[in-house]
Amino acid sequence: MTTPTAARHIVNFITGNANKLSEVKAILEPAIQVESKKLDLLEIQGTLEEVTLDKCRRAADLVQGPVLVEDTCLCFNALNGLPGPYIKWFLESIGHDGLNNLLAAYEDKSAKAVCTFGYSPGPGHEPILFQGITDGKIVPPRGPTNFGWDPIFEYDGKTYAEMEKPEKNKISHRGRALAQLQAWFAKEMTA
Ligand SMILES: O=c1[nH]cnc2c1ncn2[C@@H]1O[C@H](COP(=O)(O)OP(=O)(O)O)[C@@H](O)[C@H]1O
Ligand SMILES: [Mg+2]
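Residues numbered from 1 in each chain as written. Chains lettered and ligands numbered in written order. Predicted model: local features only at pLDDT ≥ 70, side-chain atom pairs only at ≥ 80, totals over all residues. Heavy atoms only, no water.

**Let's talk about the nonpolar core**
Core analysis: the largest hydrophobic core is formed by 17 residues, its most contacted members being Val11, Leu28, Phe117 and Leu181. Going through the elements one at a time, strand 1 (9-14), helix 1 (18-28), strand 2 (32-37), strand 5 (110-120) and helix 5 (173-190) are the ones with two or more residues in this core. Setting aside residues no more than four positions away along its own chain, Leu28 makes contact with Val11, Val34, Leu178, Leu181 and Gln182. (Core = buried A, V, L, I, M, F, W, Y, C linked by side-chain atoms within 4.5 Å. Buried < 20%, exposed > 50% of the residue type's maximum accessible area, 1.4 Å probe, protein only. Helix = DSSP H or I, 4+ residues; strand = E, 2+ residues; numbered from the N terminus. Contact = heavy atoms within 4.5 Å.)

As structure tokens, this is what we get:
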């Protein structure tokens with residue numbers, strides 16, 4: 001008998017970020033096949049959920065089909081959650097040292113990495129959200145500098161950048177959000 005490949009889920013992950021794509025593939029495949037369209041989507045201002053919902057609706061309209069999108073936030077507890085969804089622009093403008101300096105006036109260096117995925121079956125459908133959070137703290141950079149703020153986010157004594165990929169994926173904000181997505185897809189398949 002042939003394998004029922006038609007029943008296998010395929011997602012079309014819309015992202016302009018190659019590092020995100022490789023983590024999503026490493027976590028979801030082979031159970032869920034990840035295709036991708038390289039599009040850097042505009043982001044509105046708003047809550048973490050609003051940003052991803054809007055991004056997901058617009059991605060579905062653009063692609064005219066099912067899409068998966070993701071937005072990542074880095075929230076400093078001493079700053080009531082900022083930079084949050086604006087971390088990309090903070091990182092680009094002030095770098096790892098600048099982000100550490102933002103917390104210099106505070107004893108509390110704790111932070112939350114939050115990943116929100118949005119899945120839409122197509123235009124006109126309300127997206128479904130999957131969110132993962134990892135609690136850590138902001139430290140001076142340690143480890144390779146190839147992915148965003150990985151070198152300054154410490155979890156359990158190691159920065160994300162100091163971890164092997166599978167180690168990061170197991171405990172990361174992205175890994176946790178994708179565990180929910182996997183559970184949802186698994187339920188859909190048996191429905
Ligand atoms: O797991 C991660 N580790 C470190 N940096 C990350 C991670 N995920 C996202 N980032 C960075 O945080 C920012 C998140 O912004 P956003 O999710 O809007 O990114 P994108 O527009 O590149 O997809 C970007 O600068 C991104 O490179
Ligand atoms: Mg963003």
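**Some remarks on the coordination of the magnesium ion (ligand 2)**
Around the magnesium ion (ligand 2), the protein contributes the donor atoms Glu43 (OE), Glu43 (OE) and Asp71 (OD), at 2.1 to 2.6 Å from the metal centre. Within this pair, whereas Glu43 is found in the loop between strand 2 and helix 2 (48-63), its partner Asp71 is found in strand 3 (residues 67-76), the two being separated by 28 residues in sequence. (Donors = N, O, S within 2.8 Å, 3.2 Å for Na, K, Ca; no water.)

**Brief notes about the site of ligand 1**
Neighbouring ligand 1 are 16 residues, the closest being Lys20, Glu43, Lys88, Asp150 and Arg174. Asn17 has a polar side-chain atom sitting 3.0 Å from an oxygen atom of ligand 1. Here a nitrogen atom of ligand 1 sits 2.8 Å away from a polar atom, N or O, in the side chain of Arg174. For ligand 1, whose accessible area on its own is 550 Å², the fraction buried by protein is 92%. When atoms are counted within 2 Å of each cavity's grid points, the one that captures over half of ligand 1 is the largest pocket. Put simply, the parts of the chain that give the shell around ligand 1 at least two residues each are strand 3, helix 3 (87-102) and helix 5. (Near = heavy atom within 4 Å. Polar contact = N/O pair within 3.5 Å; in protein donor to acceptor, adjacent residues only side chain to side chain. Areas by Shrake-Rupley, 256 points an atom, 1.4 Å probe, with all protein chains shown as cover. 1 Å grid on protein atoms, 1.4 Å probe; cavity = no way out; pocket = protein on both sides within 12 Å on 5 of 7 lines; lining within 4 Å. Sits in = over half its atoms within 2 Å of the grid points.)

**Some details on the environment of Ser22**
On the secondary structure map, Ser22 appears in helix 1. Accessibility expressed as a relative area gives 40% for Ser22, which makes it partly exposed. Separated by 165 residues in sequence, Ser22 and Lys187 place their C-alpha atoms 25 Å apart.

**Points about the state of the cysteines**
Here, the word disulfide means a covalent bond between the sulfur atoms of two cysteines. With the rule as written, the count across this model stands at 0 disulfides. Lacking any disulfide linkage, Cys75 is separated from the closest cysteine sulfur, that of Cys73, by 5.3 Å. For Cys75, a relative accessible area of 9% gives the class buried. (Disulfide = S-S within 2.5 Å.)

**What about the pattern of salt bridges?**
All told, the structure shown has 17 salt bridges when counted by the stated rule. Put simply, Lys168 and Glu23 hold a salt bridge, and the shortest N to O gap is 2.7 Å. A residue pair is termed long-range when its members are at least 10 positions apart, and Lys168 in helix 4 (residues 165-171) and Glu23 in helix 1 qualify at 145 residues. With respect to burial, Lys168 and Glu23 carry one shared label: buried. Residue Lys55 pairs with Asp71 through a salt bridge whose shortest N-O separation is 3.4 Å. Here Lys55, found in helix 2, pairs with Asp71, found in strand 3; they are 16 residues apart in sequence, far enough to count as distant. Here Lys55 matches Asp71 in class, with each residue buried. (Salt bridge = Lys/Arg side-chain N within 4 Å of Asp/Glu carboxyl O.)

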